[in-house]
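# Examining the three-dimensional arrangement
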Amino acid sequence: MLCPPIMEWVNGNQFTGLGAAVTPLVIVQGTLMLKKLDINVFSLAFVMSLVLQVHVMTSLISALALIPFFYYYFYENY
């Protein structure tokens, strides 16, 4: 288990796959925001905190992915 190729894979992976696995939850929150025209703060905060705990770079990408949803939400409501 401690041979160099395996340790290099463990160090090089850095949970990016797990971050990509929870990213669709963020997109689901964005689409629910558009369908209901309401922001559910608790579920969005829960999903974003889950993503942040898994992988920091994925949380940044997820926050950037939510920007178009927020723009459309505010455009429709104000």
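Keep in mind the model is a prediction, meaning the values are calculated, not measured.

### Side note on the confidence of the model for the chain
In the predicted model, the chain carries a mean pLDDT of 85, and the fraction of residues at 70 or more is 85%. Considering each helix and strand of the chain separately, the mean pLDDT is smallest for helix α1 (residues 4–13), with a value of 68, and largest for helix α3 (residues 41–54), with 93.

### A closer look at the packing of helix α2 (residues 16–36) against helix α4 (residues 56–77)
It is the contact of α2 with α4, at a shortest axis distance of 10 Å, that shows an interaxial angle of 10°. In this view, α2 runs roughly parallel relative to α4, as classed from their interaxial angle. For the pair α2 and α4, the crossing hand works out as right-handed. Residues Gly-19, Ala-20, Thr-23, Val-26, Ile-27, Gly-30, Thr-31, Met-33 and Leu-34 of α2 lie in contact with α4, whose contacting residues are Thr-58, Ser-62, Ala-65, Leu-66, Phe-69, Phe-70, Tyr-72 and Tyr-73. Classifying every residue of the contact of α2 with α4 by side-chain character gives eleven nonpolar, six polar and no charged.

### Looking at a nonpolar patch on the surface
On the surface, Met-57, Leu-60, Ile-61, Leu-64, Ile-67 and Tyr-71 cluster together to form a nonpolar patch covering roughly 630 Å² of accessible area. Tracing the backbone shows Ile-67 in helix α4.

### Here's the deal with the nonpolar core
Within the largest apolar cluster, ten residues are counted, these being Val-22, Val-26, Met-33, Leu-44, Val-47, Met-48, Val-51, Leu-66, Phe-69 and Tyr-73. Among the secondary structure elements, those contributing two or more residues to this core are α2, α3 and α4. It is α3 that contributes the most residues to this core, four residues altogether. Residues within four places of Val-51 in sequence aside, it is in contact with Val-22, Val-26, Thr-58, Ser-59 and Ser-62.

### Some thoughts on the environment of Val-28
On the secondary structure map, Val-28 appears in helix α2. With a relative accessible area of 42%, Val-28 lands in the partly exposed category.

Reading the values: rules and limits
Residues numbered from 1 in each chain as written. Predicted model: local features only at pLDDT ≥ 70, side-chain atom pairs only at ≥ 80, totals over all residues. Heavy atoms only, no water. pLDDT = per-residue confidence, 0-100. Helix = DSSP H or I, 4+ residues; strand = E, 2+ residues; numbered from the N terminus. Axes fitted to C-alpha atoms, helices over the stretch in contact; angles between N-to-C directions. Parallel < 35°, antiparallel > 145°, perpendicular 65-115°, else oblique. Left-handed = near helix turned anticlockwise from the far one by under 90°. Contact = heavy atoms within 4.5 Å. Nonpolar A, V, L, I, M, F, W, Y, C, P; charged D, E, K, R; others polar. Patch = residues over 30% accessible without salt bridge, like charges linked within 9 Å, V, L, I, M, F, W, Y side chains within 5 Å. Areas by Shrake-Rupley, 256 points an atom, 1.4 Å probe, with all protein chains shown as cover. Salt bridge = Lys/Arg side-chain N within 4 Å of Asp/Glu carboxyl O. Core = buried A, V, L, I, M, F, W, Y, C linked by side-chain atoms within 4.5 Å. Buried < 20%, exposed > 50% of the residue type's maximum accessible area, 1.4 Å probe, protein only.

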